[in-house]
Amino acid sequence: IRGGTVVNADGEARADVLVRGGKVVAVGPGAGGEGFSGREVDASGMYVMPGGIDPHTHLEMPFMGQVACDDFRSGQEAALAGGTTMHIDFALPDAHDLASGYRTYRQKAAKSVMDYGFHMAVTQWNEKTAADMKELVDAGVNSFKFFLAYKGALMVTDEEFLAGLERCKEIGAVPMVHAENGDAVVWGQKKVFEAGITGPEGHALSRPAVLEGEATARAIRLAQLVNSPLYVVHVMSKDALGEIVKAKQEGARVIGEPVASGLYWDESKMWDPDFKVAAQYVMSPPIRGPGHADALKEALASGVLDIVATDHAVFNSTQKALGRHDFRIIPNGVNGIEERLHITWETMVNSGMMKPQDFVRATSTQAAKVFNVFPQKGAIVEGADADILLDPISPQIARQRQ
């Protein structure tokens, strides 16, 4: 790959990249030497960047009586089309059985066309759960997710969450949390529905940002009690962001993950009079109102928030229509695995809020570091996997660099 500008999280430089057998074997001026006889790609006028890593996807996920309609082939093909070359999917237990759930998801992933990994959700606590977690770590899973929402389905109690945090610490795994107050969400849903609000806007009204902020604060404090790091998935609000900022200022090891939809959209879409349109934007925590996205973008630009993901969980219009008369049963989920890099570049780099190396950090390198695949992934360096993205340097970015 000749003549491009190689961008890593720690800087950029004009360099050639020599690839052999799916690996980067040299990076620098004239890599490959004189008389190179292999295939050459002219990258003049292009950025040469590590492929994206999306650490938050839900392919072929059974949820709310439906199954997400992107499987491991269609979802991964979409990811590759958008420049993402690795993703980490959330495997769900089979009837709370982690080991069985992991085997089920390995079977689902047999049709994969790109690199992937798994997080494992923990939805109940007992001695088998603890044993299964160690077994899964030995198999290569190094992160576990705990839901403080979805009461009666995925939600764990504070006692179970504490036990899970302690177990993650013992086995060297990263605990992750979906932070909403599940009990308060159920209360809010009942109040909103009984008030006669049945459409998608009820989803936003019943899960206000204060519930995300409360659960984020609680999760962080419980992690501090155990002396464990914590990864907060899909940070959607100023409320949750404020708790993460405070914790980081106090020295807590907290990783904050915004998602592409939360950076780009606002909640007004859920008030669209066309149910089919409005339901497309129903996810949890909800996409928020004005001001929240701007705060998230500023935090991402400054490095307070760490990694851009998607929470890709696609349900089609027929599936979403099951909740036409009751927002509480609209399957929660939006797309993004293909669009993430484009949205992040548009909102963060083209706007001047981030440099290209910051973009690489937020969309690839930091995820690789957190989930223990760096520098095999997330960097264009000797020995790394040749997951490489070529992107033309736009005139707007060229002016900014000047």
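This one's a predicted model, so the numbers in the text were calculated from it and none came from an experiment.

About the thresholds
- Each chain has its residues counted from 1, following the order in which its sequence is written.
- Where totals are concerned, whole chains, interfaces and linings use all residues; where local detail is concerned, this predicted model gives features only for residues with pLDDT of at least 70, and gives and counts side-chain atom pairs only at 80 or more.
- Based on all heavy atoms of the structure, the side-chain values leave hydrogens and waters out of the count.
- Each helix is a run of DSSP H or I of at least 4 residues and each strand a run of E of at least 2, with the numbering of both proceeding from the N terminus.
- Both definitions apply: the radius of gyration is a C-alpha atom measure, and the globule rule equals 2.2 Å times residues to the power 0.38.
- Partly exposed describes any residue whose relative accessible area lies between the buried limit of under 20% and the exposed limit of over 50%, with all areas from a 1.4 Å probe on protein chains only and scaled to the type maximum.
- Residues are said to line a cavity or pocket when one of their atoms sits within 4 Å of a point; the points come from a 1 Å grid over protein atoms alone, cavities being sets where a 1.4 Å probe fits but cannot get out and pockets being open sets with protein on both sides within 12 Å along at least five of seven lines.
- Grid points are joined across faces, edges and corners, and a volume is the space filled by probe spheres set on the points.
- Under the scheme applied here, ten amino acids are nonpolar (Ala, Val, Leu, Ile, Met, Phe, Trp, Tyr, Cys and Pro), four are charged (Asp, Glu, Lys and Arg), and all others, including Gly, are polar.
- In this scheme, strands are said to pair when DSSP sees at least two bridges between them.
- All axes are obtained by fitting lines to C-alpha atoms, using only the stretch in contact for helices, and the reported angles, taken between N-to-C directions, cover 0 to 180 degrees.
- We call a set of buried Ala, Val, Leu, Ile, Met, Phe, Trp, Tyr and Cys residues a nonpolar core when their side-chain atoms join them within 4.5 Å.
- Note on aromatic contacts: the rings of Phe and Tyr and the six-membered ring of Trp form a pair at centre separations within 6.5 Å, being stacked when their planes are under 30 degrees apart, edge-to-face when over 60 apart, and tilted otherwise.
- Only Lys NZ and Arg CZ are tested; either one counts as a charge over a ring when it is within 6 Å of the ring centre and within 35 degrees of the ring normal.
- Charge assignment in this entry is limited to Lys and Arg as positive and Asp and Glu as negative, and neither His nor the chain termini are counted.
- For this analysis, a salt bridge means a side-chain nitrogen from Lys or Arg found within 4 Å of a carboxyl oxygen belonging to Asp or Glu.
- Contacts are assigned to residue pairs that have any heavy atoms within 4.5 Å of one another.

Once that is clear, we can look at the overall build of the chain. The number of helices and strands found in the chain is 15 helices and 14 strands. Against the 2.2 N^0.38 benchmark of 21 Å for 402 residues, the chain shows a C-alpha radius of gyration of 21 Å, consistent with a compact globule. Dimensions of the chain, computed from C-alpha atoms along their principal axes, come out at roughly 75 × 50 × 45 Å. Put simply, the chain has 402 residues, and 56% of those count as buried.

Quick look at empty space enclosed by the protein now. Enumeration over the complete set of coordinates arrives at three cavities of 30 Å³ or more. Estimates place the volume of the largest cavity at around 130 Å³. As for the largest cavity, its lining consists of 15 residues, and the residues nearest its centre are His58, Met61, Phe63, Tyr150 and Asp311. When the residues that make up the lining of the largest cavity are grouped by side-chain class, the tally is six nonpolar, seven polar and two charged. As a volume, the second largest cavity reaches approximately 60 Å³. Residue composition of the lining of the second largest cavity, grouped by class: four nonpolar, five polar and three charged.

This next bit is on the sheet that holds strand β12 (residues 230–232). Read across the sheet, seven strands follow the order β5-β8-β9-β10-β11-β12-β13 without closing on themselves; strand pairing throughout is parallel. Looking along the sheet, the strands with just one partner apiece sit at the ends: β5 (52–57) and β13 (254–256). Going across the sheet, the axis of each strand differs from the next one's by a mean of 25 degrees, ignoring polarity. Sheet analysis places strand β11 (residues 174–178) next to β12, joined by two bridges and oriented parallel. In the sheet register, Val177 faces β12, and the bridge partner there is Val232.

Let's shift gears to the nonpolar core. Among the nonpolar cores identified, the biggest contains 69 residues, and Met49, Met61, Phe118, Met120, Phe144, Phe161 and Leu230 are the most heavily contacted of them. Counting residues in hydrophobic clusters, the runner-up holds 15 residues, among them Met270, Val282, Phe327 and Ile330.

The next thing to look at is the packing of aromatic side chains. Two measures describe an aromatic ring pair: the distance that separates the ring centres and the angle between the ring planes. Overall, the coordinates contain 14 aromatic pairs when judged by the stated rule. Ring plane angle 70 degrees and centroid distance 6.2 Å describe the contact between Phe72 and Phe118, whose orientation is recorded as edge-to-face. Here the residue Phe72 occupies a position in the loop between β7 (66–67) and α1 (74–81), and Phe118 occupies one in strand β9 (residues 115–122), the gap between them amounting to 46 residues. Residue Phe72 shares its accessibility class with Phe118, and that shared class is buried. Taking 5.0 Å as the distance between ring centres and 90 degrees as the angle between the ring planes, the aromatic pair formed by Tyr264 and Trp265 counts as edge-to-face. Note on Trp265: relative accessible area 30%, which makes it partly exposed. In textbook terms, an aromatic cluster arises when at least three aromatic residues are bridged by ring pairs, as seen for Phe72, Tyr102, Tyr105, Tyr116 and Phe118. Over the face of the ring belonging to Phe374 we find Lys369, whose NZ or CZ atom lies 5.0 Å from the ring centre.

Relative to the elements of secondary structure, Lys145 occurs in strand β10 (residues 143–147). No salt bridge is formed by the buried Lys145. Its closest oppositely charged neighbour is Asp311, at 5.4 Å. With residues near it in sequence (within four places) discarded, Lys145 still touches His56, His58, Phe90, Met120, Ala121, Val122, Met176, His178 and Val233.

A few words now on the environment of Thr157. By the element assignment, Thr157 lies in the loop between β10 and α4 (158–171). Separated by 167 residues in sequence, Thr157 and Arg324 have C-alpha atoms that sit 31 Å apart.

What follows deals with the pattern of salt bridges. For the structure shown, the criterion picks out 22 salt bridges. Among the ionic pairs, Lys128 bridges to Asp132, the shortest N-O distance being 2.6 Å. Taken together, the residues Lys128 and Asp132, both in helix α3 (residues 127–139) and four residues apart, mark about one turn of the helix. With a shortest N-O distance of 3.5 Å, Arg221 and Glu243 are connected by a salt bridge.

A cis amide bond, omega -10 degrees, links Ser284 with the succeeding residue Pro285. Here Pro285 lies in the loop between α10 (275–279) and α11 (292–302). The backbone of Tyr150 shows a phi angle near 65 degrees, a positive value even though the residue is not glycine. Summarising the element assignment, Tyr150 is placed in the loop between β10 and α4. A positive phi angle, near 55 degrees, is found at Asp311, a position not held by glycine. Mapping Asp311 onto the fold places it in the loop between α11 and α12 (317–320). By relative accessible area, Asp311 is classed as buried at 8%.

In this section: the packing of helix α2 (residues 98–108) against α3. The contact between α2 and α3 brings their axes to 8 Å, and the two run at 40 degrees. Listed contacts from α3 to Leu98, Ala99 and Tyr102 of α2 are Lys128, Thr129, Asp132, Met133, Glu135, Leu136 and Ala139. Taken together, the residues that form the contact of α2 with α3 break down as six nonpolar, one polar and three charged.

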